[in-house]
Amino acid sequence: MDDYYNEDEDSSLNDTYDYNYEYGICDKEAVRSFAGVFLPVIYALTLVVGLAGNALVVVVYASKVRLRTLTDVCILNLAVSDLLLLFTLPFWAADAVHGWRLGSWACKLNSFLYSTNFSCGMLLLACISVDRCSAVVRGVRGRTSASPRVRRRWLLVCLALWAVASFLGLPELIFSTVKHSHHRMACTEIYSPSMARPAKAAVELLEVLLRFLAPFLVMVVCYGWMGMVLSRAAGVQRERKWRALRVLLAVVAVFLLTQLPYNVVKLCRAMDIIYAVVTDCEVSKGLDRALQVTEGLALAHACINPLLYAFMGSSFRGHVLRVVKHLGQRLGRHPRPAPEEPAVEIALKSPNQPQSQSGSEEQDTSTFSI
């Protein structure tokens, strides 16, 4: 979890941007006051909206829907990761208002869970992109039952992603502690004075690289490739083709709009740690506020993920509608079924299979749901 406004210091780099500038200490009481109002509101909205969507994804996948593809497995893991991330937000909201009151180990655990699950979500999005691209480009059917060997491979992929995310969260687990600052207790990372500058800069740059740049490049390459394949697909209605391409574009655009501002600010922060480019107190306070606002925007992705990656799939949406219908029947109501929105599905002929007869076309095509 990024901190914004500690300032006392023998070692100002240990906390954040409260440096002892040439003309005196930069007082950031205004930044702390802004955080005490802005962060609890943003965290509360994110928590409520994100819990509803991600909890529904977990319940549906865990109870009824078979995990037929690596994408299904990653979507389930993504929902779990987002839920774990959301569960840390009430503690950070309380910290912004009252300071940290739960002790050092709770500080370490909450910081570790926040960092790990933030990273894991980004890595899972990249994995979903690769699996979808592979299914479209190779014409692999996504609705057949996977073999135990394939399922074990999926498990190993997810374990590897969680391991990388946990590695990115280790600095929070090791260095986070509770410190008295500005008449309150704060949960923050504390490095030894000799390693504060290189350690903080390395962590910031590594997070930008693995949380944003690498997943974004993977998504651009995979979805761009998919777009070319879909645009050239034969026997597909032009309307469905362009609708599928718009969905792909929306996935990339939402990722870029929510994550780019936050990572640009983090990159500026890393450059300042390395080269000390910020020497004005007002600029420093503006950078702190920008980090708070853009991090709130980045967290919005945890609310949007269920819409982009689960509810757009026709099979998942259909199952949710059946669950709602069943619930309505149990409550004694029998509403007229609403017409279902056309699925964003495209049947692609596999290049490795011969042309089928009229009665067995489904065996030679791959139904791809975006």
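Computed from a predicted structure; not experimentally measured.

1. A few points about the side chain of S129
Moving on, step 1. In this fold, S129 is placed in helix 4 (residues 104-138).
Moving on, step 2. Setting aside its immediate chain neighbours within four residues, S129 contacts V218, M219, C222, Y223 and M226.

2. Focus on the state of the cysteines
Moving on, step 1. Overall, the coordinates contain one disulfide when judged by the stated rule.
Moving on, step 2. Between the sulfur of C107 and that of C187 lies a disulfide, 1.9 Å long from S to S. Because the torsion about its S-S bond is 85 degrees, the bridge between C107 and C187 counts as right-handed. Placement of C107 in helix 4 and of C187 in strand 4 (residues 184-189) is noted, with a sequence separation of 80 residues between them. As far as the burial class goes, C107 and C187 line up, both buried.
Moving on, step 3. The thiol of C133 is not disulfide-bonded; the next cysteine sulfur, from C222, is found 4.5 Å away.

3. A short note on the confidence of the model for the protein chain
Low pLDDT marks stretches whose predicted atomic positions should not be read closely.
Moving on, step 1. Confidence in the prediction for the protein chain averages 77 pLDDT; 74% of positions are at 70 or higher.
Moving on, step 2. Per-residue pLDDT, averaged within each element of the protein chain, yields its smallest value for strand 6 (residues 365-369) (41) and its largest for helix 2 (residues 70-87) (91).
Moving on, step 3. Predicted confidence is poor over residues 5-23, with pLDDT under 50, and the contacts of this stretch with residues over four places away or in other chains come to 81 contacts.
Moving on, step 4. Segment residues 338-344 is flagged for pLDDT under 50; beyond a separation of four residues in sequence, or across chains, it makes 17 contacts in the model.

4. Observations concerning helix 6 (residues 196-231)
Moving on, step 1. For helix 6, with 36 residues, the first-to-last C-alpha span of 51 Å sits near the 52 Å given by 1.5 Å per residue.
Moving on, step 2. In helix 6, a bend of some 35 degrees at L209 exceeds every other bend along the element.

5. Examining the nonpolar core
Soluble globular proteins tend to bury their nonpolar side chains together.
Moving on, step 1. Judged by nonpolar contacts, the single largest core of 38 residues is most densely connected at C74, I75, I128, Y223, F255 and Y309.
Moving on, step 2. Only helix 1 (29-63), helix 2, helix 4, helix 5 (148-175), helix 6, helix 7 (238-275) and helix 9 (301-309) provide two or more residues apiece to this core.
Moving on, step 3. Considering every element that reaches this core, the biggest residue donor is helix 4, with nine residues.
Moving on, step 4. Each residue touching I75, except ones within four places of it in the same chain, is listed here: V57, Y61, I128, Y309 and A310.
Moving on, step 5. With 24 residues, the next largest nonpolar core counts M1, L39, V278 and A298 among its residues.

6. Section: the packing of helix 3 (residues 89-98) against helix 4
Moving on, step 1. Direction vectors running N to C along helix 3 and helix 4 enclose 120 degrees, while the axes themselves pass 10 Å from each other. With respect to helix 4, the axis of helix 3 lies oblique. Where helix 3 crosses over helix 4, the handedness of that crossing is left-handed. When helix 3 is examined against helix 4, the residues L89, F91 and W92 are found in contact with a partner set consisting of N110, S111 and Y114.
Moving on, step 2. A breakdown of the residues in the contact of helix 3 with helix 4 according to their chemical character gives four nonpolar, two polar and no charged.

Conventions we followed
Residues numbered from 1 in each chain as written. Predicted model: local features only at pLDDT ≥ 70, side-chain atom pairs only at ≥ 80, totals over all residues. Heavy atoms only, no water. Helix = DSSP H or I, 4+ residues; strand = E, 2+ residues; numbered from the N terminus. Contact = heavy atoms within 4.5 Å. Disulfide = S-S within 2.5 Å. Buried < 20%, exposed > 50% of the residue type's maximum accessible area, 1.4 Å probe, protein only. pLDDT = per-residue confidence, 0-100. Expected span 1.5 Å × (residues − 1). Bend = angle between axes of the 7 residues up to and from the residue. Core = buried A, V, L, I, M, F, W, Y, C linked by side-chain atoms within 4.5 Å. Axes fitted to C-alpha atoms, helices over the stretch in contact; angles between N-to-C directions. Parallel < 35°, antiparallel > 145°, perpendicular 65-115°, else oblique. Left-handed = near helix turned anticlockwise from the far one by under 90°. Nonpolar A, V, L, I, M, F, W, Y, C, P; charged D, E, K, R; others polar.

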